[in-house]
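Given next are the chains, with one letter for each unit.
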Amino acid sequence: MSQRIYSFEEHQLCMKKVDSDALYVMKKLRTAGYIAYLVGGSVRDLLLHKNPKDFDICTSAQPEEIKKIFRNCILVGRRFRLAHIRFGKKILEVSTFRSGDNDLDELIVRDNKWGTAKEDALRRDFTINALFYDSDSQSIIDYIGGFEDIKKQVLRTIGQPFIRFRQDPVRMLRMLKFQARFGFTIDDSSHIALLECRQEIMKSSPARILEELLRMLESKASEPFFRLLAEHGFMHLLMPSIGNFLDSKDAEEVFSFLKEIDNYFMESDYINLSRAVLLTALVFPILEKKIYTHYVNRDIILHLGQINEEVHELLDEIFRPFINLSRRLRTSLQSILVSQYRITPFDSKKSKRIRIPQDPDFMQAMQFFEIRCTLEPALKVVWEQWNHALTNPISNKRRRRKKKVKTDEAPSSSTT
Ligand code: ATP
Ligand code: MG
């Protein structure tokens with residue numbers, strides 16, 4: 001396919017929407033004699049009238065050359081050498097044009113050969129992610145038909161889909177992610193390849209997969225995404241226990257939590273739900289089902305120690321087969337899940353007493369409990385009691401001190 005250039009009249013991408021620091025970086029690179037374009041997700045999102053998460057820049061300058069131009073620049077990555085240019089809290093990623101071998105039918109392990117702008121576009125995953133924006137001429141440069149695909153709302157791999165998925169199976173999850181986010185349709189040959197290559201996902205790095213899943217939990221489209229993952233058989237491969245649950249009649253329990261999380265993020269861009277809270281949404285309905293089936297429905301009252309054990313076992317069952325959670329994430333997830341039963345204990349005597357635990361993850365547990373309250377409004381009164389205790393620590397402390405005095409007195413009275 002030959003290169004096509006779209007003028008402002010054709011694409012209508014408004015330069016005011018481009019991050020001003022990204023414009024500055026591109027201008028400075030051009031002044032130094034290099035080519036510099038905006039690339040990937042930001043160009044796609046701007047054409048779709050969405051706010052890009054980040055503004056990546058691609059250039060003909062090599063990493064060391066970029067570093068010489070910008071004082072606020074560090075070079076990162078061993079496999080992919082990239083420049084990070086810092087503006088306060090914001091970091092702009094600047095990468096050198098690279099070439100890839102789109103016909104190589106095996107897992108890619110190295111991907112760091114410099115190339116031309118065209119080669120760089122062709123090594124990318126989907127046509128809609130391979131557009132360049134030249135801020136100097138305000139034009140869009142398209143080597144692969146991505147502009148038309150955005151207009152037609154089609155997701156298409158660049159090159160042979162079977163080969164491109166085998167080279168990097170994470171691309172299959174990325175394809176479903178864009179389908180969930182934009183509601184685009186996957187073109188037929190990419191879809192057939194996706195179904196036939198799905199087993200290949202097990203060859204990918206678990207850390208990369210977990211990162212894509214966590215990013216999707218934060219994406220405002222986690223509910224459609226996890227539906228698509230389940231429908232295409234990926235949940236069975238990556239987290240079989242969740243896969244089985246999503247096949248059962250209780251599947252909607254998980255999806256309603258995910259929908260609620262999506263709503264939270266849609267309400268405000270400043271919502272701060274930790275990754276542990278987000279993962280809890282996937283696990284909690286399964287834990288509830290287990291606890292109710294094995295204990296509550298048989299009138300067996302569980303204490304927190306037993307619940308802790310059950311949670312531990314369930315997390316092993318879910319995450320051990322493929323995804324390895326970091327110790328920090330796993331500890332928080334465990335704690336948030338167990339705390340749900342601290343907040344609403346099965347033992348009715350305990351529910352009358354509120355004792356704030358010395359647990360660094362307890363506020364996250366309360367955040368998750370608040371999400372539960374939106375799905376189950378009857379819980380709201382309990383949330384209010386706990387919130388009152390948390391926001392009035394003095395009266396809570398006083399109550400505890402009184403109790404301590406009582407217990408301190410107990411031994412002396414028994415000696416008299
Ligand atoms: P998001 O909005 O979620 O950040 P994105 O498309 O920007 O979506 P990134 O992970 O930020 O995703 O990747 C930036 C760009 O790098 C993509 O737009 C795509 O061009 C390219 N890319 C990312 N992952 C791959 C991959 N696995 N194979 C080929 N190209 C990729
Ligand atoms: Mg991006």
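Relevant structure appears above.
Computed from a predicted structure; not experimentally measured.

(A) Region of the structure containing the pattern of salt bridges. Overall, the coordinates contain 25 salt bridges when judged by the stated rule. Arg4 is paired through a salt bridge with Glu10; the nearest N and O atoms lie 3.7 Å apart. Accessibility expressed as a relative area gives 36% for Arg4, which makes it partly exposed. The partner of Arg124 in a salt bridge is Asp120, and the shortest N-O contact between them spans 2.8 Å.

(B) Molecular detail of the site of ligand 1. Residues in contact with ligand 1 amount to 17 residues; listed here are only the nearest, Arg44, Asp168, Arg171, Lys177 and Arg181. Here an oxygen atom of ligand 1 sits 3.2 Å away from a polar atom, N or O, in the side chain of Lys53. Interatomic distance of 2.9 Å between a side-chain N/O atom of Arg171 and a nitrogen atom of ligand 1. Burial of ligand 1 by the protein chains amounts to 86% of its free accessible area of 600 Å². Among the elements of the structure, α3 (41-47), α8 (170-182) and α10 (206-217) are those that each provide at least two residues to the shell around ligand 1. Element by element, the count of residues in the shell around ligand 1 is highest for α8, at five residues. Split by residue class, the shell around ligand 1 holds one nonpolar, three polar and 13 charged.

(C) Spotlight on unusual backbone geometry. For Gln12, which is not glycine, the phi torsion reads 60 degrees and is therefore positive. By secondary structure assignment, the location of Gln12 is in the loop between α1 (8-11) and α2 (20-31). Gln12 gets classed as partly exposed once you look at its relative accessible area, which sits at 47%. Even without glycine at this site, Asp299 takes up a positive phi of about 60 degrees. Inspection of the secondary structure assignment puts Asp299 in the loop between α15 (275-294) and α16 (304-319). Given a relative accessible area of 71%, Asp299 falls into the exposed group.

(D) Representation of the sheet that holds strand β2 (residues 36-39) in the model. With mixed pairing, eight strands are arranged side by side in an open sheet as β1-β10-β9-β2-β3-β6-β5-β4. If you trace the sheet from one side to the other, it starts and ends with β1 (4-6) and β4 (73-76), each paired once. Sheet twist, expressed as the average angle between the axes of neighbouring strands with direction ignored, equals 30 degrees.

(E) Structural detail: the nonpolar core. In terms of nonpolar packing, the biggest core is built from 120 residues, with Leu38, Phe226 and Phe319 touching the most fellow members. When residues of this core are assigned to their parent elements, the largest contribution, eleven residues, is made by α15. When sequence neighbours within four positions are dropped, the list of residues in contact with Phe226 reads Leu213, Leu217, Met235, Phe255, Leu258 and Leu282. Judged by nonpolar contacts, the second largest core, of eleven residues, contains Phe97, Ala121, Phe132 and Tyr143.

(F) The arrangement of the packing of aromatic side chains in detail. Under the counting rule described, the total for this entry stands at 15 aromatic pairs. Centroid distance Phe257 to Phe368: 5.3 Å. Interplanar angle 20 degrees. Geometry classified as stacked. Residue Phe257 is located in helix α14 (residues 251-267), and its partner Phe368 is located in helix α18 (residues 362-375); the two are separated by 111 residues in the primary sequence. Their ring planes at 45 degrees and their centres at 5.4 Å tell us that Phe362 and Trp386 sit as a pair that is tilted. With Phe362 in helix α18 and Trp386 in helix α19 (residues 380-391), the pair connects residues that are 24 residues apart, well separated along the chain.

(G) Looking closely at the environment of Arg298. Summarising the element assignment, Arg298 is placed in the loop between α15 and α16. Classification of Arg298 as exposed rests on a relative accessible area of 56%. Between the alpha carbons of Arg298 and Lys89 there is a distance of 54 Å; along the sequence they are 209 residues apart.

(H) Examining the packing of α15 against α16 more closely. For the pair α15 and α16, the least separation of the axes is 11 Å and the interaxial angle reads 120 degrees. On the basis of their axis angle, the class for α15 and α16 is oblique. Here α15 and α16 pass one another in a crossing that is right-handed. Contacts from Leu279, Val283, Ile286, Leu287, Lys290 and Ile291 in α15 reach Ile307, Glu310, Val311, Glu313, Leu314, Leu315, Ile318 and Phe319 in α16. Each residue belonging to the contact of α15 with α16 can be placed in one class, and the counts come to eleven nonpolar, no polar and three charged.

Basis of the calculations
- Residues numbered from 1 in each chain as written.
- Chains lettered and ligands numbered in written order.
- Predicted model: local features only at pLDDT ≥ 70, side-chain atom pairs only at ≥ 80, totals over all residues.
- Heavy atoms only, no water.
- Salt bridge = Lys/Arg side-chain N within 4 Å of Asp/Glu carboxyl O.
- Buried < 20%, exposed > 50% of the residue type's maximum accessible area, 1.4 Å probe, protein only.
- Near = heavy atom within 4 Å.
- Polar contact = N/O pair within 3.5 Å; in protein donor to acceptor, adjacent residues only side chain to side chain.
- Areas by Shrake-Rupley, 256 points an atom, 1.4 Å probe, with all protein chains shown as cover.
- Helix = DSSP H or I, 4+ residues; strand = E, 2+ residues; numbered from the N terminus.
- Nonpolar A, V, L, I, M, F, W, Y, C, P; charged D, E, K, R; others polar.
- Pairing = 2+ DSSP bridges.
- Axes fitted to C-alpha atoms, helices over the stretch in contact; angles between N-to-C directions.
- Core = buried A, V, L, I, M, F, W, Y, C linked by side-chain atoms within 4.5 Å.
- Contact = heavy atoms within 4.5 Å.
- Phe/Tyr/Trp six-rings, centres within 6.5 Å; stacked < 30°, edge-to-face > 60°.
- Parallel < 35°, antiparallel > 145°, perpendicular 65-115°, else oblique.
- Left-handed = near helix turned anticlockwise from the far one by under 90°.

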